[in-house]
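# Summary of structural features
Below are the chains, spelled out letter by letter.
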Amino acid sequence: MQFGLGLRAEHYEQILEQKPKLDWFEIISEDFLVSGGSPLYYLDKIRENYPLSMHGVSMSIGSTDPLNWDYLKQLKALKERIEPLWISDHLCWTGIRGINTHDLLPLPYTEEAIKHVSERVLQVQDFLGEALVLENVSSYITYKDSELSELDFLVAVAERADCLILLDVNNVYVSGFNHGFNASDYLNAVPIKRVKQFHLAGHKRFENHIIDTHDAKIIEEVWQLYSEAVRRFGPVATLIERDDNIPPLTELMEELDYARSVAVGATLAVALLD
């Protein structure tokens, strides 16, 4: 089982000097869609010692705008440069009429949207030459026109487009709280063969809703849900995201070690049941 961290600029020098013991780093693809400079310098140096995966936030796979082929060409060039483990993005839309909202917005869960998104995923996969890994997003609203649950929509897109799923365990917890569905039931209905990676992160809880902030430690309830995920899906690559209030690398490594211990415990529990 692989365990990794999101690559953040605050840690570049420390990673190069100390070479922490982890399996891979996940990059935000858009941070490196540049022609040169220090981002690519550090990317190349870190790539000498670690595998990388690419995680995007701007594909806007669910938008009604045409696919952004300039963006996809840059993405493919980055793929050829670093030879990533896989390429992921979000099952959402981020903009319309050429405007990027810089937010991961949920889709209406309809048959029409499944068809639209699946066709776009197939085009992207054909262009990139590999399966796309799509993440379930956290959400705070629903659409009155939705005909399906978020779970049914996610599974339908994955099956029709023959793509993979980045199962964000924290997002399942957050959306379950916000919309009143059972997070464990959600996990138990996701096809095992589709799940390529887990995300873990922290969030901020308010009186009647949760915001996915990636700025705090992972809470106990999410760790418990992660344990359930490992028991169901097995040794899936696991990554911790931190995008704000970024602590020292040593602190994140301690949290990653805890993820290892939770995964080992869950694996042993399954073995004992067998």
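Residues numbered from 1 in each chain as written. Predicted model: local features only at pLDDT ≥ 70, side-chain atom pairs only at ≥ 80, totals over all residues. Heavy atoms only, no water.

## Side note on the layout of surface pockets
Stated formally: Put plainly, a pocket is an open set of points on a 1 Å grid over the protein atoms alone with protein on both sides within 12 Å along at least five of seven lines, a cavity is a set where a 1.4 Å probe fits but cannot get out, and a lining residue has an atom within 4 Å of a point. Grid points are joined across faces, edges and corners, and a volume is the space filled by probe spheres set on the points. Helix and strand definitions here come from DSSP, where helices need a minimum of 4 consecutive H or I residues and strands a minimum of 2 consecutive E residues; each element is numbered from the N-terminal end. Here the nonpolar group is Ala, Val, Leu, Ile, Met, Phe, Trp, Tyr, Cys and Pro; Asp, Glu, Lys and Arg are the charged ones; every other residue, Gly included, is treated as polar.
Roughly 680 Å³ of internal volume is contained in the largest pocket. What lines the largest pocket is a set of 32 residues, among which V57, H102, D103, L104 and H214 lie closest to the centre. If you tally residues by element for the lining of the largest pocket, the top one is strand 6 (residues 99-105), at five residues. The residue inventory of the lining of the largest pocket, partitioned by class, reads 13 nonpolar, 10 polar and nine charged. Each pocket or cavity is described by its volume, and for the second largest pocket that value is around 270 Å³. Around the second largest pocket sit 14 residues that line it, and G62, S63, T64, L107 and P108 are the ones nearest its centre. Elements with a contribution of two residues or more to the lining of the second largest pocket: strand 5 (93-96) and helix 4 (111-128). Each residue belonging to the lining of the second largest pocket can be placed in one class, and the counts come to seven nonpolar, six polar and one charged.

## Quick word on empty space enclosed by the protein
A full pass over the atoms with the stated rule returns one cavity of 30 Å³ or more. Estimates place the volume of the largest cavity at around 70 Å³. Taken together, L91, L107, Y109, N136, V137, E150, F153, L154 and Y186 form the lining of the largest cavity. If you tally residues by element for the lining of the largest cavity, the top one is helix 5 (residues 150-161), at three residues. In terms of residue class, the lining of the largest cavity is built from seven nonpolar, one polar and one charged.

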